[in-house]
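For reference, the chains in residue letters:
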Amino acid sequence: MKINSLQDLKQVQKKLAEAHALAQAQAEALAAAARQREAESNLFARAVGVVKRMPDPDQVSMAPAAPAPVALQRQKDEEAVLRDALSDEFDASTLLDTDEALSFRRPGIGRDVTHKLRKGDWSIQREIDLHGLRSDEARLALAEFIRMAHRQGLRCLRVVHGKGLGSPGKTPVLKSKVHSWLVQKNQVMAFVQAKPAEGGAGALVVLLKPGN
């Protein structure tokens, strides 16, 4: 700005004074804002208290793995399977009656029990069909079937073992083994050959002891 007179000089001085006052006001405003932020920060710090550094997010503190729970029922079942182990070497032929048809009764069980069992005085409550199973499979399946039926309080069962018509030489291998396995089961009181309509020589009707 070109100064030609005293009046022009006064105008310049006035503008400079106004600019200086504005700059000073802006500086004071900035300082006041800074003081306000510091006061708020101190207030937050006093309210929160001592602050600890957070763990490094890349580090994970792993607690030791808890031991797997013991499946008590499964353990009991496995122990029962061991107790129920059935032998293929047991010869039950001398314990079987062959009066009207093949039957078995434990010592102390009267003939009237097998007679009533053959007549159908007990209703068949459940059955298992061992057709098509290998010897080992049939033995385990029968042991579990008898154990579970006794646990559930069932008394009369039918066990279908087949007549051996599909076996080599038409020999009923599974039939004689089923007789032997049933005799070894303490839960079995007696069994008889099924009626013709219920499987005849290919099935047995089994009477279990009363459940506990």
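Heads up: the structure comes first, above all this text.
Residues numbered from 1 in each chain as written. Predicted model: local features only at pLDDT ≥ 70, side-chain atom pairs only at ≥ 80, totals over all residues. Heavy atoms only, no water.

(A) Representation of the overall build of the protein in the model. The number of helices and strands found in the protein is five helices and six strands. The order of helices and strands in the protein, counted from the N terminus, is α-α-β-β-α-β-α-β-α-β-β. Scored against the burial criterion, the 212 residues of the protein give a buried share of 29%. Expressed as a percentage of contacts within the protein between residues at least 6 apart in sequence, the contacts between residues at least 24 apart total 65%. (Helix = DSSP H or I, 4+ residues; strand = E, 2+ residues; numbered from the N terminus. Buried < 20%, exposed > 50% of the residue type's maximum accessible area, 1.4 Å probe, protein only. Contact = heavy atoms within 4.5 Å.)

(B) Fine view of the side chain of T114. Mapped onto the secondary structure, T114 falls in helix α3 (residues 111-119). Setting aside its immediate chain neighbours within four residues, T114 contacts S103, F104, R105, A190 and V192.

(C) How the structure looks around the nonpolar core. L142, I146, V159, V178, L182, F191 and V206 are the most contacted members of the largest nonpolar core, which totals 22 residues. Every element with two or more residues in this core is listed here: β2 (102-105), α4 (135-151), β4 (156-160), α5 (173-184), β5 (188-193) and β6 (203-208). Dropping the residues within four chain positions of it, V206 is found in contact with R155, C156, L157, V159, L182, V188, A190 and F191. Judged by nonpolar contacts, the second largest core, of twelve residues, contains V113, V160, M189 and L207. (Core = buried A, V, L, I, M, F, W, Y, C linked by side-chain atoms within 4.5 Å.)

(D) Representation of the pattern of salt bridges in the model. For the coordinates displayed, the defined rule picks out four salt bridges. Residues R158 and E127 are paired through a salt bridge, measuring 2.5 Å at the closest nitrogen-oxygen approach. A residue pair is termed long-range when its members are at least 10 positions apart, and R158 in strand β4 and E127 in strand β3 (residues 126-129) qualify at 31 residues. A salt bridge links R134 to E137; the nearest nitrogen and oxygen atoms lie 3.1 Å apart. Judged by relative accessible area, R134 falls into the exposed class, the value being 58%. (Salt bridge = Lys/Arg side-chain N within 4 Å of Asp/Glu carboxyl O.)

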